[in-house]
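Architecture at a glance
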Amino acid sequence: MDKENLKPQEPTPPEPINDSKFINIYLVPILAVVTALILGAFIIWWVGGNPLLAYKGLLQGAFGSVRALSETTVWASPYIFAGLAVAVGFKGGLFNIGGEGQLAFGAVAASWAGYALPGIFHAQIPPILHILLSVGIGMLAGAIWGGIPGYLKAKTGAHEVINTIMMNYIALNLTSFLLNGPMKDPSPSNVIARTPLIAESARIPAIFPNYRFHWGFILALALAFGVWWLLWKTRLGFEIRTTGLNPDAAKYAGIDVAKTIVIAMSLSGALAGLAGAIEVTALNYRHELGFSSGYGFDAIAIALLGKNHPLGVVLASLLFAAMRNGATKMQFLTQIPVDIISIIQALILLFVSADAIVRYIYRIRTPQERVVYTRGWGK
Amino acid sequence: MDLKRSIFITIIVAFLYSIVILIGKDTTQPLIILTSMIATTISVATPLTLGALCGTFCERSGVTNIGIEGMMLSAAFFGWLTSIYLNTIYHVTPLPSLLIGVFVAILTGGLLGLLHAWLSVTFKVDQIISGTVINILATGVTGFLNRQLFFEKGSIFGGNVPHAPGTLPIIAIPGLSQIPVFGKVFEQQPIAWTAIILVFVANFVLFRTRWGLRTRAVGEHPRAADTVGINVSFMRYINVIIGGCLAGLGGAYFTLESVPSFEPLMTNGRGFISLAAMIFGNWTPLGAWAAALVFGAAQAFQINLQFFRDLIPPQWAFLQQSYIVGLTPYILTMIILAGLIGRTTSPAADGTPYEK
Amino acid sequence: MKTRLFAVLSFIVVLSMVITGCAPAAAPAAQATAAPAASAEVDCTKADSFCVGLVTDVGKVDDKSFNQSAYEGLKKAEKELGATIKYIETTDSKDYGKNIATFAENGYKVIVTVGFALGEATIAAAKQYPDVKFIGVDQSQTDVIPNLSGIIFDEDKSGYLAGVLAGLMTKSNKVGGVFATDTIPPVWRFGEGYRAGVKSVNDKAEINIVYHNDVGLDKTFVDPEWGKTTANSMMDKGVDVIFSAGGKTGNGGLIAVAGKSTADKPIYAIGVDADQYYSVPEAQKVLLSSAMKDITPAVFDNIKAVKDGTYKGGNFVGPVFLAPFHDLDSAVSADIKAKLDEVSKGLKDGSIKTNVAPTKPG
C-alpha cells in the first residue's frame with residue numbers, strides 16, 4: 001500500500017468546477033455508457049434485431065410513462081440498499097459477497113415480524129410501531145447474517161469472502177426449510193412456499209394509489225445520504241475507512257480494528273437486510289421462496305460502478321433498474337433475449353472502470369491521481 | 001498443506017461417510033455405500049479442484065480472480081458448441097469432436113484469463129471489477145448465444161438442439177478397477193483424472209521450480225522481484241492465462257464430461273465455491289484439492305442420506321430434513337475455518353496492481 | 001483537446017444514427033430467417049388480428065421444460081391458426097403483473113402465463129382485463145373466472161403409473177427417483193405418486209427418492225450434473241430402474257442411466273412431461289417410457305378454443321398417461337402391459353387412488 005493512502009481522504013473543500021473535473025467525473029462515465037450501448041447495438045444488429053427499436057423499447061419501458069418511472073424506482077430501491085451494503089463493506093476493506101443471503105434473511109425475519117407479532121402480543125400493534133418493528137427486525141437479521149462473518153474474521157481471521165458465500169447457502173437452505181415448513185402460509189389453497197401475508201399494520205402504505213412507487217425508494221435515497229454522512233462525517237466512518245485503507249496503520253492510530261470490522265460487516269448486513277425488509281413491508285407484503293433475483297450479486301457490480309460512493313451507488317442503481325425495468329418493453333418489441341442487458345451492463349462496468357480505454361477512444365487526457373476501489377483480499 | 005490440516009480433513013470426510021454407512025448398513029453393504037460415496041466425491045470435486053487451481057495460480061502471482069465462475073461457464077459453452085458443431089455440421093466422429101471441444105474450452109478459459117490480465121495488469125483496473133465484468137459478461141454472452149443459436153428457427157441448427165456427440169469415455173485403471181465393488185472408484189473420466197494429476201503438477205511447479213519461485217515472488221513482493229530482474233507484468237500475465245486454462249478445463253467438465261448439454265448458468269456458483277476452496281486450502285494446490293474433496297464428500301453425504309431417509313432413527317430425525325442436511329458443507333467449512341484451521345494468509349501483493 | 005473531443009462525440013452521434021438508420025434496412029433479411037413472427041408487425045388492437053402472448057415464469061423460454069413446452073403450443077397456434085405470437089421472459093417475480101399488462105394493453109387476445117407462481121397475478125389480470133382470454137399453465141382455479149382457464153395435470157397419477165411400471169420391471173428390487181425439487185408441487189406430486197405406484201405393486205422394493213433441494217429454485221431445474229451424479233450414486237447401489245424428473249436436472253439422470261446400462265445388466269430410465277425419447281436422444285436405448293404431462297397440446301387446444309369460440313373458464317385437466325415403450329417394447333411383458341392398462345383405467349374412473357396430497361405437507 002502506498003504511503004499516500006495511509007492518510008484517509010478528507011472531504012475535499014468545494015472548488016470551482018473546471019473542465020478537467022467535469023470531464024473526469026461526469027463525461028467519462030457518460031461516454032462509457034454510450035460506448036457500451038453502441039457495442040450493444042452492434043450485437044443486436046448482428047443477430048438480426050433492430051437496435052433502434054430495442055433501445056426505444058428500453059427507454060419507453062424505463063421512462064416512457066409515469067407508471068414506467070414508478071416501476072423503475074421499484075427496481076431501484078433494493079439495488080440502492082444492497083449496493084450501499086456492498087459499498088460500506090468495500091470502504092471497510094471487506095468484500096461482502098453475502099448480500100443475497102442477508103437480503104433473504106432480512107426478508108424472512110421482516111415477514112415473520114409482520115404476520116406473527118400481533119399473535120404473540122395478543123394485540124393489534126399500532127401501524128407505525130409495527131412497521132418499525134418489522135423493518136427493524138429485518139435489519140437486525142441482516143446485521144446478524146453479515147456480522148457473523150465479520151466476527152469470525154475479527155476473532156479468527158477466517159476469510160469473510162468464504163464465510164459470506166457460505167452464509168448465502170445457509171440462508172438459502174434455512175429459508176427453504178422455513179418457508180416449506182414452520183413459516184409456510186397455512187391457508188388451504190396455498191401451494192407455494194411462502195409466508196402468510198403480513199398484517200395490515202405492518203404494511204408501509206402506498207404513496208399514490210395505483211402506482212407501486214413506495215416509501216422504500218425515498219428511504220433509500222435518505223439512507224444514501226446517511227451512509228455518506230456516516231462514512232465521511234463521523235468518527236466511526238473515519239475508523240471504517242482507515243481500517244479499509246490499511247488495517248496496520250489503523251491499529252497504530254489507536255483504532256480497534258477487530259471491533260471496526262465487526263461493525264462494518266454488521267452495518268453492511270443491516271443494509272442488505274433492509275433491502276429485503278422493505279421488499280416485504282412496502283411491496284410484496286410477504287416473502288416468497290426465492291427464484292433468487294440476484295440482487296446480492298448485482299449489488300457488487302452496482303457498488304463498483306458507483307465507485308463505492310453513495311451518490312455513485314444511487315446513480316448506478318437507477319441505471320441498472322432502468323435497464324432491468326425497460327427490458328420487458330424491449331423484449332416485447334423485438335423478442336431479443338434479455339441476456340443482452342447483462343452484456344451491456346458488463347460493458348458499462350468495464351468501460352467505467354477501465355477508463356483508460358474510454359480515454360483512449362475519445363482522446364481524453366488521463367488524470368494524475370488514481371482511485372482505489374477495493375483491495376482484493378490481501379491483508 | 002500441513003499435517004494438522006490433512007488430519008482434520010480426513011477425519012471430517014470419514015465422519016460424513018460413516019454416518020451414512022451406519023444408517024444404511026441394514027439394507028446395503030457398507031462397501032457399496034462407501035464406493036458410491038467416494039465416486040460421488042471425486043466427480044463433484046473435479047470442477048471445484050480445477051477452479052481452485054485457477055485461483056491459486058492467479059493469486060499466487062498477485063492477481064485476485066473472482067471471475068472463475070464466468071471463465072468456467074464460458075468454457076463450458078464454447079467447448080460444447082465446438083464439439084456439436086464439428087459433429088453435426090462437419091460430421092467429425094464423436095471422440096475427436098469432444099477432444100477438440102475440450103481444447104477450445106481450455107482456449108476460452110485462457111482467453112478470458114488474457115482479458116483479465118490485460119485489464120488488471122495493463123490497465124490496472126481493479127481486479128475485483130475485472131472479475132465481476134467477466135462473470136456478468138459470461139452470463140450474458142452464453143445465455144444470449146445459446147438462445148440465438150439453438151432456439152430461434154433461423155439458427156444454424158434449425159431451432160433444435162442437435163444430438164450432442166456424447167461425453168468423454170471412462171478411463172479405468174487396469175488392475176485396480178478389477179477389484180470387486182471398490183474397483184468402480186478407479187473408473188473415472190479423463191478430466192477427473194487430469195484434475196488429480198494437475199494438483200500434483202501444480203504443487204510441484206509452484207513450490208519446486210524456478211518458475212514457481214518467481215511467481216510467488218511476484219505475488220508476495222513485486223518490487224523486490226522487479227529489482228532482481230523478474231518481469232512482474234509478464235509473470236502475472238502468464239500465470240493468469242494458465243489459471244484461465246485450468247478454469248476452462250473445469251468448464252469442459254460440465255458439458256463434455258458430465259452431461260452432453262449446456263444450460264444457462266449451469267455452473268451454479270461452483271466458481272465461487274472454488275474460490276472458497278482456494279482460500280480454505282491456504283493458496284496451495286494440495287490444500288485446495290482437499291477442500292474440494294470436503295465439498296464433494298458433503299454432497300455425497302447429502303445425496304446418500306436421502307436414499308436412507310426411512311431408515312434414519314427417530315432421535316436423529318433432523319437428518320430427514322433435506323434442507324437441514326443441505327447445510328452440512330457450508331457450516332462445516334465455517335467451523336473448520338474458524339476453529340480448526342484459523343488464519344489463512346493470502347499472497348501479500350494479492351489484489352494490488354504493481355506500479356513501477 | 002476540446003475540439004477533438006467534440007469531433008469524436010459528433011462522430012458517435014452520426015455513427016449511432018447510421019447504425020440505427022441502416023439497421024431496419026439490413027434487419028429484414030436476417031429477420032426473415034431469424035424471427036418471422038417479429039418481422040411482420042401486426043396491429044393487435046385490430047379486430048381481425050389474433051395475437052397470443054406468453055409470459056414465462058422466472059426462467060427462459062428455451063428452458064426445454066415447462067416454459068418451452070407452453071411456447072411450443074403457441075408456435076403450433078402460429079402455424080395452424082395463423083396467430084401472431086410473442087413472449088416476455090420474467091426476470092423477477094415482482095414483474096409478473098407488469099409483463100402480463102404489457103400484452104393486455106397492446107391488444108393481445110390471448111395471454112398464456114406459465115407456472116403456478118403466476119397464479120395470483122393471472123387472476124388479478126383476468127379481472128382487470130375481462131376482454132382478454134387467459135390461459136394459466138399449472139394454475140388450479142378455485143373460483144371460475146369466465147376469461148381464465150387453468151391448465152392442470154394430475155401429476156401424481158402420471159407418477160403412479162411410472163411407479164407401477166418401475167415396481168414391476170425391477171430385478172434387483174431397488175428402484176430410484178431423481179427429482180428436481182419438492183418445493184414445486186407438480187414435481188413433488190410426480191415423486192410421491194411414483195412412490196405410491198411402486199408400493200402398490202411391489203411392497204418389498206426399496207425406493208430411493210432424492211429431491212434436489214440444496215440450490216435455489218432458479219437453479220434446481222437446470223443442474224444436469226447433479227442429476228447425473230445422483231443417478232450414478234443410485235446405480236452404484238444396485239438400483240435398476242430410475243424415474244428422473246425435473247427439467248434438465250432430470251435429463252442428467254436419464255443420460256447417466258444410458259452410460260451405466262449394459263446388455264447383461266440392463267438398467268432402465270423413465271422420463272417425464274413429454275415423450276423424452278425425442279427430447280433426450282442420448283437415452284433412447286434405456287428409456288422405458290415417460291410419465292406424460294403434455295403441456296404443448298393442452299395449451300394449443302385452449303388457444304384453438306378461443307379462436308373457435310368454445311373457450312371457457314375454470315380448470316382444464318390435461319391428460320396424463322405413459323409414453324410408448326419404443327425400443328424397449330419387447331422388454332416389457334404382456335402381463336405388465338395388461339396391469340398398466342388396468343391401473344390406468346382405475347386411476348381414470350377413480351377406483352384407484354394415489355392418496356397424494358396436492359402439495360407437500362409442511
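Just so it is clear, the structure is predicted and the values come from calculations on it, not from any experiment.

Quick notes on the sheet that holds strand β9 (residues 268–273) of chain C
All names here are of chain C. Pairing is mixed across the open sheet formed by 6 strands, whose spatial order is β7-β6-β8-β9-β10-β12. Only two strands of the sheet have a single neighbouring strand rather than two, namely β7 (206–211) and β12 (320–322). Across the sheet, the mean angle separating the axes of adjacent strands is 15° when strand polarity is ignored. One ladder, built from 3 bridges, connects strand β10 (residues 287–293) with β12; its direction is antiparallel.

Section: the packing of helix α3 (residues 66–91) of chain A against helix α12 (residues 310–334) of chain A
All names here are of chain A. Following both chains from N to C, one finds α3 and α12 inclined at 140°, their axes separated by 8 Å at the closest point. Taken together, the axes of α3 and α12 are oblique relative to one another. Where α3 crosses over α12, the two elements pack in a sense that is right-handed. Only P310, V313, V314, A316, S317, L318, F320, A321, A322, R324 and N325 of α12 make contact with α3, whose side of the interface consists of E71, T72, W75, A76, Y79, I80, G83, L84 and A87. Looking at the contact of α3 with α12, its residues break down into 14 nonpolar, 4 polar and 2 charged.

Focus on the sheet that holds strand β5 (residues 148–152) of chain C
Residues and elements named next belong to chain C. Pairing in this open sheet of 6 strands is parallel, and the strands run β2-β1-β3-β4-β5-β11 from one edge to the other. The two strands at the open ends of the sheet, each matched to only one other strand, are β2 (84–90) and β11 (314–317). Between one strand axis and the next, the sheet turns through 20° on average, direction left out of account. By the bridge criterion, 4 bridges tie strand β4 (residues 133–137) to β5 in an arrangement that is parallel. Residue I135 lies in a different strand from β5, and its bridge partner there is S149. Along the sheet, helix α5 (residues 119–128) makes contact with β3 (110–114), β4 and β5, crossing β4 at roughly 170°.

Describing unusual backbone geometry
Even without glycine at this site, B:K124 takes up a positive phi of about 55°. In the Ramachandran plot, C:H326 falls in the positive-phi region, its phi being about 50° despite a non-glycine side chain. On the basis of neighbour count, C:H326 is assigned to the partly exposed category, with 15 C-beta atoms found within 10 Å.

What about the nonpolar core?
Residues A:F81, A:L349, B:A76, B:A277, C:V112, C:L165 and C:V299 are the most contacted members of the largest nonpolar core, which totals 347 residues. In contact with B:A76, not counting residues within four places along its chain, are B:A105, B:G251, B:A252, B:F254, B:T255, B:F262, B:M266 and B:T267. Residues B:A217, B:A225, B:V232 and B:M235 belong to the second largest nonpolar core, which totals 5 residues.

Looking at the interface of chain A and chain B
With 40 residues of chain A at the contact, the number on the chain B side is 44 residues. Counting residues per element, the ones that place at least two in the side of chain A that touches chain B are α5 (127–156), α6 (160–180), α11 (295–305), α13 (339–353) and α14 (355–362) of chain A. It is α6(A) that provides the largest number of residues to the side of chain A that touches chain B, a total of 10 residues.

Thoughts on the confidence of the model for chain B
All names here are of chain B. Put simply, chain B has an average pLDDT of 88, and 96% of its residues get 70 or more. Mean pLDDT values for the elements of chain B range from 78 in helix α13 (residues 328–341) up to 96 in helix α6 (residues 190–208). For this predicted complex, the interface score ipTM comes out at 0.87, while the overall pTM is 0.88.

Here we look at the pairing of β10(C)
Consecutive side chains of a regular strand alternate in pointing toward one face of the sheet and then the other. Residue and element names in this part refer to chain C. The buried fraction of β10 amounts to 7 of the 7 residues, a majority that puts the element mostly inside the structure. As defined by bridge partners, β9 adjoins β10 across 5 bridges and the pair is classed as parallel. Each bridged residue has a counterpart across the sheet, and for V272 the counterpart in β10 is A291.

Cut-offs used in this document
Residues numbered from 1 in each chain as written. Chains lettered and ligands numbered in written order. Predicted model: local features only at pLDDT ≥ 70, side-chain atom pairs only at ≥ 80, totals over all residues. Pairing = 2+ DSSP bridges. Helix = DSSP H or I, 4+ residues; strand = E, 2+ residues; numbered from the N terminus. Axes fitted to C-alpha atoms, helices over the stretch in contact; angles between N-to-C directions. Parallel < 35°, antiparallel > 145°, perpendicular 65-115°, else oblique. Left-handed = near helix turned anticlockwise from the far one by under 90°. Contact = placed C-beta atoms within 7 Å. Nonpolar A, V, L, I, M, F, W, Y, C, P; charged D, E, K, R; others polar. Buried ≥ 20, exposed ≤ 12 C-beta atoms within 10 Å, placed from the backbone. Core = buried A, V, L, I, M, F, W, Y, C linked by C-beta atoms within 7 Å. pLDDT = per-residue confidence, 0-100.

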